[in-house]
Amino acid sequence: EAQVTQNPRYLITVTGKKLTVTCSQNMNHEYMSWYRQDPGLGLRQIYYSMNVEVTDKGDVPEGYKVSRKEKRNFPLILESPSPNQTSLYFCASSPGSIFREQYFGPGTRLTVT
Amino acid sequence: SQQGEEDPQALSIQEGENATMNCSYKTSINNLQWYRQNSGRGLVHLILIRSNEREKHSGRLRVTLDTSKKSSSLLITASRAADTASYFCATLLKTSYDKVIFGPGTSLSVIP
């Protein structure tokens, strides 16, 4: 089944404790992206990647890191999480060009205390 | 900054009625997409309309795009309770080819 998977789905952590949210897609998509969703703000793009080893900042990259060492994986790293990073995070992938539709993962609900 | 802005923020209708949601954006776009989200779950792509298209249909969905007014509308005809969800428009900025901007969404409730 074609899908985007994220792990973990739920995470509660404390300020400053490094964490990684994994994202994997099995559709051989070139484009991958991370978003955060907050009430009343819709989805905001954090980072995106056009292909392996090619990443770029979105609208809200501060406090986040990403890497794209393999085509299928695009982990999101929070080196020192803070409470304002409490949010619902989505990974998405898209074939070839962003002109095409994006396929979203199920989301990771992160709480930083 | 948010490029797309949906209107209304919330909409409640009876089953069988039509639902119309609007999206406005500020800068030139390559395309505009509509997505549906059920209660905190992942977004599902509904329809994509390119900047050189004016109207597109997919089943009970009809999307229009007016680039002169920088606006788009999503019409859901003969709504069903299962259409209850949040609907988002997303635009691809011409100034930054790969960046997609989502609006805050319209929350649709379809009452059986």
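Quick notes on the rules
- In this numbering scheme, every chain counts its residues from 1 along its sequence in written order.
- Written order determines the labels here, with chains lettered from A and ligands numbered from 1.
- Under the rules for a predicted model, residues below a pLDDT of 70 receive no local features and side-chain atom pairs below 80 are neither given nor counted, while totals for whole chains, interfaces and linings still include all residues.
- Working from all heavy atoms in the structure, the side-chain values ignore hydrogens and water.
- What makes two residues a contact is simply this: any of their non-hydrogen atoms within 4.5 Å.
- Take a side-chain nitrogen of Lys or Arg and a carboxyl oxygen of Asp or Glu: if they are within 4 Å of each other, that pair is a salt bridge.
- As used in this structure description, the phrase polar contact means that two N or O atoms lie within 3.5 Å; if the pair is within protein, one of them must be able to donate a hydrogen and the other to accept it, and residues adjacent in sequence are counted only when both atoms belong to side chains.
- Working definition: helices are DSSP H or I runs of at least four residues, strands are E runs of at least two. Numbering for both runs from the N terminus.
- The pocket and cavity definitions rest on a 1 Å grid over protein atoms only: a 1.4 Å probe that fits but cannot leave marks a cavity, an open set with protein on both sides within 12 Å along at least five of seven lines marks a pocket, and residues lining either have an atom within 4 Å of a point.
- Grid points are joined across faces, edges and corners, and a volume is the space filled by probe spheres set on the points.
- Each residue is assigned to one of three groups, with Ala, Val, Leu, Ile, Met, Phe, Trp, Tyr, Cys and Pro labelled nonpolar, Asp, Glu, Lys and Arg labelled charged, and all others, Gly among them, labelled polar.
- Whenever a pair of cysteine sulfur atoms sits within 2.5 Å, that pair is classed as a disulfide.
- Burial status follows relative accessibility: with a 1.4 Å probe on protein chains alone, a residue under 20% of its type maximum counts as buried, one over 50% as exposed, and anything between as partly exposed.

Caption draft 1: Structural context of the interface of chain A and chain B. Each partner contributes to the interface: chain A provides 25 residues, whereas chain B provides 25 residues. At the junction of chain A with chain B, the criterion picks out zero salt bridges. Counting every contact that joins chain A to chain B gives two residue pairs in polar contact (both at pLDDT 80 or more). Of all the elements in the fold, those that place two or more residues in the side of chain A that touches chain B are strand E4 (31-38), strand E5 (42-51) and strand E9 (87-94) of chain A. Of all the elements, E5 of chain A adds the most residues to the side of chain A that touches chain B, at six residues.

Caption draft 2: Examining the layout of surface pockets more closely. Computed from the structure, the largest pocket encloses a volume of approximately 340 Å³. As for the largest pocket, its lining consists of 19 residues, of which Gln 37, Asp 38, Pro 39 and Gly 40 of chain A together with Phe 88 of chain B are closest to the centre. Those elements giving two or more residues to the lining of the largest pocket turn out to be E4 and E9 of chain A together with strand E9 (85-93) and strand E11 (106-111) of chain B. Here the lining of the largest pocket is built from residues that sort into five nonpolar, 12 polar and two charged. What lines the second largest pocket is Glu 101, Gln 102, Tyr 103, Phe 104 and Gly 105 of chain A together with Asn 38, Arg 41, Gly 42, Leu 43, Val 44 and His 45 of chain B. When residues of the lining of the second largest pocket are traced back to their parent elements, those giving at least two are strand E10 (103-104) of chain A together with strand E5 (43-50) of chain B.

Caption draft 3: Layout of the state of the cysteines. Summed over the entire model, instances satisfying the criterion amount to two disulfides over all chains. Through a disulfide, Cys 23 of chain A is tied to Cys 91 of chain A; the S-S separation comes to 1.8 Å. Disulfide Cys 23 of chain A-Cys 91 of chain A: the torsion about the S-S bond is -70 degrees, which places it as left-handed. Taken as a pair, Cys 23 of chain A in strand E3 (residues 19-25) and Cys 91 of chain A in strand E9 lie far apart in primary sequence, 68 residues in all. Take Cys 23 of chain A and Cys 91 of chain A: they sit in the same class, and that class is buried. The residue that forms a disulfide with Cys 23 of chain B is Cys 89 of chain B, at a sulfur-sulfur distance of 2.0 Å. The chirality of the disulfide connecting Cys 23 of chain B with Cys 89 of chain B is right-handed, given an S-S dihedral of about 65 degrees. With a gap of 66 residues between them, Cys 23 of chain B in strand E3 (residues 19-24) and Cys 89 of chain B in strand E9 connect regions that are remote in the sequence. There is no split in this pair, since Cys 23 of chain B and Cys 89 of chain B are both buried.

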